[in-house]
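Residues per chain are reported as follows:
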Amino acid sequence: MNIQHPSQGGNPPHSQSGYTLLEGLMAVIVVSVMLLAIGPVISFSVGTRFQAKRVELATQAARTYIDGVKSGAIPVPTLDSKKVNDRDAPTGGTLSCNTTTNLCNSVTDLYCVDFDGGGCLNTSPVDMVVQGLAYHPSPSQTSTTQSYVLGVRVYRANSFASGVTLTKPTSNKSVDSLTTNSLGNRSLPLVQMSTEVLPKDARLQDHIKYRVQTPSPPSP
């Protein structure tokens, strides 16, 4: 006598299949919520990293410019009695730099530092343009014994692209924030600094005499 036992295989009951599908949907929902929660954090972290690299390059460009002016390799920008912090931002919208002198837009106060070796272009994400600002309260009376203040603002080369209006630092917003998204604020400089510069041909004893008579350097 043949006794047939019910098959142990086959599809599981419909209630069990439905429960498995529900688990899958719940897992998808949980993962989606987690991605939504950590997505902005990841974006912020990447943006800050990009911005930190830009600031590093801008600082390097500023020091290159200051050293060049002090050594005479880069022309001194025109001395002005208007303080550095009150000077206007450069005019943007275009960028044309001399391949020999690296001076840009036919002026002596814009100097490009070419980091990618492809020439100074307003499409470059890494090239930097330095705005040099020389200040002395009496520019016409400067001599080889008197120092002046050299201020620098460093903008990204792509800040000179069409549609970007460059602005000078203010009390509310000095430079582009280090904590930002990956684009940052192209209107503001990445770095601003100033230093006292002694004329190239100055003699130490003359400068010491001038310092005794004028203890404090001109304020930027």
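As shown above, the structure is provided for reference.
Keep in mind that this is a model prediction, so the values were computed, not measured. (Residues numbered from 1 in each chain as written. Predicted model: local features only at pLDDT ≥ 70, side-chain atom pairs only at ≥ 80, totals over all residues. Heavy atoms only, no water.)

### Observations concerning a nonpolar patch on the surface
Right, so step 1: Side chains of Leu22, Met26, Ile29 and Val33 sit close together on the surface and give an oily, nonpolar patch of about 370 Å² of accessible area.
Right, so step 2: Along the chain, Val33 falls in helix H1 (residues 14-71). (Patch = residues over 30% accessible without salt bridge, like charges linked within 9 Å, V, L, I, M, F, W, Y side chains within 5 Å. Areas by Shrake-Rupley, 256 points an atom, 1.4 Å probe, with all protein chains shown as cover. Salt bridge = Lys/Arg side-chain N within 4 Å of Asp/Glu carboxyl O. Helix = DSSP H or I, 4+ residues; strand = E, 2+ residues; numbered from the N terminus.)

### What to know about the state of the cysteines
Right, so step 1: Enumeration over the complete set of coordinates arrives at 2 disulfides.
Right, so step 2: One disulfide bridge connects Cys97 with Cys104, the sulfur atoms lying 2.1 Å from each other. Classification of the bridge connecting Cys97 and Cys104 rests on its S-S torsion, roughly 100°, and on that basis the disulfide is right-handed.
Right, so step 3: Taking relative accessible area as the criterion, Cys97 reaches 19% and is therefore assigned buried.
Right, so step 4: According to the relative accessible area criterion, Cys104 is buried, its value standing at 0%.
Right, so step 5: Once the bonded cysteines of the protein chain are numbered in order along the sequence, the disulfide links fall as 1-2, 3-4. (Disulfide = S-S within 2.5 Å. Buried < 20%, exposed > 50% of the residue type's maximum accessible area, 1.4 Å probe, protein only.)

### Comments concerning the pairing of strand S4 (residues 148-156)
Right, so step 1: Taking burial as the measure, the 9 residues of S4 include 9 buried ones, the bulk of the element.
Right, so step 2: In S4, alternate side chains face the same way, and those of Tyr148, Leu150, Val152, Val154 and Arg156 on one face and Val149, Gly151, Arg153 and Tyr155 on the other are all buried.
Right, so step 3: As paired elements, strand S3 (residues 128-135) and S4 share 8 bridges and run antiparallel to each other. In the strand pairing of S4, Tyr135 is matched with Val149. (Pairing = 2+ DSSP bridges.)

### Quick look at the nonpolar core
Right, so step 1: One finds Tyr65, Met128, Val130, Leu150, Val152 and Val154 to be the most contacted residues of the largest nonpolar core, which totals 22 residues.
Right, so step 2: Those elements that provide at least two residues to this core are H1, strand S2 (110-113), S3, S4 and strand S5 (191-197).
Right, so step 3: Among the elements that take part in this core, H1 stands out by supplying 7 residues, more than any other.
Right, so step 4: Residues within four places of Tyr65 in sequence aside, it is in contact with Ile74, Pro75, Pro77, Thr108, Tyr111, Val130, Gly132, Leu150 and Val152.
Right, so step 5: With 12 residues, the next largest nonpolar core counts Leu95, Cys104, Val129 and Leu166 among its residues. (Core = buried A, V, L, I, M, F, W, Y, C linked by side-chain atoms within 4.5 Å. Contact = heavy atoms within 4.5 Å.)

### Re the environment of Asp80
Right, so step 1: When you line up the elements, Asp80 lands in strand S1 (residues 79-80).
Right, so step 2: It is 6.0 Å that separates the C-alpha atoms of Asp80 and Pro139, two residues lying 59 residues apart in sequence.
Right, so step 3: Contacts of Asp80, omitting those with residues within four sequence positions, involve Arg87, Ala134, Tyr135, His136 and Pro139.
Right, so step 4: Among the polar contacts listed, one links the side chain of Asp80 to the backbone nitrogen of Lys82, at a separation of 2.7 Å. (Polar contact = N/O pair within 3.5 Å; in protein donor to acceptor, adjacent residues only side chain to side chain.)

### Quick notes on the environment of Asp114
Right, so step 1: Along the chain, the position of Asp114 falls in the loop between S2 and S3.
Right, so step 2: In this view, Asp114 contacts Gly119, Cys120 and Asp127; residues no more than four positions away in its chain are not counted.
Right, so step 3: One polar contact links the side chain of Asp114 to the main-chain amide nitrogen of Gly117, over a distance of 3.0 Å.

### What about the packing of aromatic side chains?
Aromatic ring pairs are described here by two measures, namely the spacing of the ring centres and the angle between the planes.
Right, so step 1: Counted according to the given criterion, the structure contains 2 aromatic pairs.
Right, so step 2: Judged by centre distance (5.8 Å) and plane angle (50°), the rings of Tyr65 and Tyr111 are tilted. Of this pair, Tyr65 sits in helix H1 while Tyr111 is found in strand S2, placing the two residues 46 residues apart along the sequence.
Right, so step 3: Considering the side-chain rings of Tyr155 and Phe160, the 6.5 Å spacing of their centres and the 80° angle between planes classify their relative orientation as edge-to-face. Neither residue differs from the other here; Tyr155 and Phe160 are each classed as buried. (Phe/Tyr/Trp six-rings, centres within 6.5 Å; stacked < 30°, edge-to-face > 60°.)

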